[in-house]
Amino acid sequence: MTSLSMTDTTPPIQTFDPAQVSKMFMARAHPGWLGLEYADHGENWVELKLPWNEKLLGEPDRPVLASGPIVSLLDMASGMSIWCTRGTFVPVATLDLRVDYQRPAKERSAVWGRVECYRITKSAAFVRGTAHDGDPDDTVATMAGVFMTLSADPNAIGKQVKAQAEARAKENGNG
Amino acid sequence: MAEAHTLPAYAEALGISIHDVEGGLPILTVDYSSDVEGRPGHYHGGAIAGLLENAAYAALRAQLAADGREAKLKPVNITVQYLSAGKPLTSFAKARITRMGRRNANISVEAWQTDRAKPIASAIMNILMA
C-alpha cells in the first residue's frame, strides 16, 4: 500500500468487502491512474486486474508492459488480501516486497494479480502471490512480501499518547 | 548519449524525468501528483517501486551505451525495502551498478526526497541483457 509510517485515525470499517471497497480505492490516485479493477476474492486472497494500456509500456522500442505496474498491482492486492483476512480495514505499510519476473506479459493482454495473506501476527502480515495474463498456471511473475500493521492496537496508541504527554510535561517542567 | 537517456512510455506517463546525470548515470525525478498517490497525502508503494525500477533501467541503458553495447533488458527480479513514508514532495532516485556482467547486471537503487542521506526506499535488482 502506501509506504511506511501511517498515522491515519480513521475508525476501522468493520466488515471488509473487497468488491465494494475496490470501487472507492480504484477510482482515484495511483490505482485509478493504472485503471486497476476488482476481479475476485476468497477468505484470505484477492485478485485484481490491470487492463492493457499503451501508456504502461516499459521499453522504448517494444510493446512490452513495464514491470513497475505489476509491482503496483501486486502491492495493492497484497493490502486487500490482508484486510480480507482480518475482516477489517487497518492501515498497513509495505516493509519489503520481492517480485520475480518469469516472462514478459503477452502483448495487448490484461494482467491479473492474485495475492494471499498466509500468515498474520500481531504486528506483521505475510503475503505471497502471482501475476498471470490469462492462465493462472503460466505465471508472468511471483511475489512475496511483508507488511506491518499500524495502529491496530488501541492500547498501544493510548500508551504512546500517554508517553508523549509525560515527555512534554517533563520538558515543560525542566524549562 | 541523449538516446541512452530516453525513458519508456510508462516512466513519462507517471511524470518521471531525468533530473541530472552524475558520473555518467542518470538521476531520475518525479513530482508528487495524484498519479503517484496511495493513501491520501503519501506516495503509493507501487509508484516508488516504479521510480526505483526506472532509475535502474536508465542507469543500465546509459552504461551499455557508454560501453558501446546494445542489449534488450529483461528484468529478473526486484526486492524493494520501504524505509519511510513517501511524503507529498518531489522524489529522486539513482542506481548503482554493483556488478556489470556479460549477461546479468546486479543493480542497487535508492530513492530520496529532501535528504539524500535519508532514503525513503531502496531496491536491489537483477536485470538480464540479451
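Below you will find a few notes about this structure. Everything numeric here is computed off the predicted structure, so don't read it as measured data.

### Thoughts on the overall build of chain B
Turning to step 1, where the next piece is worked out: When helices and strands are counted, chain B shows two helices and six strands.
Turning to step 2, where the next piece is worked out: For chain B, the succession of helices and strands along the chain, N to C, is α-β-β-α-β-β-β-β.
Turning to step 3, where the next piece is worked out: In terms of overall dimensions, chain B is globule-like: its C-alpha atoms have a radius of gyration of 14 Å, near the 14 Å expected for 130 residues.
Turning to step 4, where the next piece is worked out: For chain B, with 130 residues in total, the buried portion stands at 42%.
Turning to step 5, where the next piece is worked out: Contacts spanning at least 24 positions in sequence make up 62% of the contacts within chain B whose residues lie at least 6 apart.

### Quick word on the nonpolar core
Turning to step 1, where the next piece is worked out: Among the nonpolar cores identified, the biggest contains 80 residues, and Leu73 of chain A together with Leu51, Leu52, Ala55 and Ala56 of chain B are the most heavily contacted of them.
Turning to step 2, where the next piece is worked out: Per element, the largest residue contribution to this core is 12 residues, and it comes from helix α2 (residues 45–66) of chain B.
Turning to step 3, where the next piece is worked out: Residues within four places of Leu73 of chain A in sequence aside, it is in contact with Leu36, Leu48, Leu50, Val111, Gly113 and Ala131 of chain A.

### Points about the interface of chain A and chain B
Turning to step 1, where the next piece is worked out: Listed per partner, the contact involves 35 residues of chain A and 36 residues of chain B.
Turning to step 2, where the next piece is worked out: Of all the elements in the fold, those that place two or more residues in the side of chain A that touches chain B are α2 (29–34), α3 (68–86) and β3 (92–101) of chain A.
Turning to step 3, where the next piece is worked out: Considered class by class, the residues forming the side of chain A that touches chain B number 17 nonpolar, nine polar and nine charged.
Turning to step 4, where the next piece is worked out: Bridge analysis of β3 of chain A against strand β3 (residues 73–82) of chain B gives five bridges, and the strand direction is antiparallel. Looking across to β3 of chain B, one finds that Leu97 of chain A is bridged to Val80 of chain B.

### Section: the pairing of strand β2 (residues 25–30) of chain B
Residues and elements named next belong to chain B.
Turning to step 1, where the next piece is worked out: Relative to β2, strand β1 (residues 16–22) runs antiparallel, the two sharing six bridges. When the bridges of β2 are listed, Ile16 appears paired with Val30.
Turning to step 2, where the next piece is worked out: Hairpin connection from β1 to β2: two residues lie between these consecutive antiparallel strands, with Gly23 at a positive phi of about 60 degrees.
Turning to step 3, where the next piece is worked out: For β2 and strand β4 (residues 91–100), the ladder comprises four bridges, and the chain directions are antiparallel. By the bridge assignment for β4, Thr29 is matched with Phe92.

### A word on the packing of α3 of chain A against α2 of chain B
Turning to step 1, where the next piece is worked out: At their nearest, the axes of α3 of chain A and α2 of chain B sit 8 Å apart, and the two run at 155 degrees to each other. Here α3 of chain A is positioned roughly antiparallel relative to α2 of chain B, judged by the angle of their axes. Judged by the twist between their axes, the crossing of α3 of chain A over α2 of chain B is right-handed. Along its contact with α3 of chain A, which presents Gly68, Val71, Ser72, Asp75 and Met76 of chain A, the element α2 of chain B presents Gly45, Gly46, Ala47, Ala49, Gly50, Glu53 and Asn54 of chain B.
Turning to step 2, where the next piece is worked out: For the contact of α3 of chain A with α2 of chain B, the residue count by class is four nonpolar, six polar and two charged.

### Side note on the sheet that holds β1 of chain B
Turning to step 1, where the next piece is worked out: Here 12 strands make up an open sheet; going across it, the order is β1(A)-β2(A)-β4(A)-β5(A)-β6(A)-β3(A)-β3(B)-β6(B)-β5(B)-β4(B)-β2(B)-β1(B) and the pairing antiparallel. At either end of the open sheet lies a strand with only one pairing partner, and these are β1 (37–41) of chain A together with β1 of chain B. Neighbour-to-neighbour, the strand axes of this sheet turn through a mean angle of 25 degrees, independent of strand direction.
Turning to step 2, where the next piece is worked out: Pairing of β1 of chain A with strand β2 (residues 45–50) of chain A involves four bridges; the strand directions are antiparallel. Counterpart to Glu37 of chain A in the pairing with β2 of chain A is Lys49 of chain A.
Turning to step 3, where the next piece is worked out: Contacts from α3 of chain A reach β1, β2, β3, β4 (111–120), β5 (124–132) and β6 (139–149) of chain A together with β3 of chain B within the one sheet, and its direction differs from that of β4 of chain A by about 40 degrees.
Turning to step 4, where the next piece is worked out: Each of β3 of chain A together with β1, β2, β3, β4, β5 (104–112) and β6 (121–129) of chain B is contacted by α2 of chain B, which is oriented at about 50 degrees to β4 of chain B, the strand it contacts most.

### What to know about unusual backbone geometry
Turning to step 1, where the next piece is worked out: One non-glycine residue with positive phi stands out, namely Ala29 of chain A, at about 50 degrees.
Turning to step 2, where the next piece is worked out: Relative to the elements of secondary structure, Ala29 of chain A occurs in helix α2.

Criteria and thresholds
Residues numbered from 1 in each chain as written. Chains lettered and ligands numbered in written order. Predicted model: local features only at pLDDT ≥ 70, side-chain atom pairs only at ≥ 80, totals over all residues. Helix = DSSP H or I, 4+ residues; strand = E, 2+ residues; numbered from the N terminus. Rg over C-alpha atoms; globule rule 2.2 N^0.38 Å. Buried ≥ 20, exposed ≤ 12 C-beta atoms within 10 Å, placed from the backbone. Contact = placed C-beta atoms within 7 Å. Core = buried A, V, L, I, M, F, W, Y, C linked by C-beta atoms within 7 Å. Nonpolar A, V, L, I, M, F, W, Y, C, P; charged D, E, K, R; others polar. Pairing = 2+ DSSP bridges. Axes fitted to C-alpha atoms, helices over the stretch in contact; angles between N-to-C directions. Parallel < 35°, antiparallel > 145°, perpendicular 65-115°, else oblique. Left-handed = near helix turned anticlockwise from the far one by under 90°.

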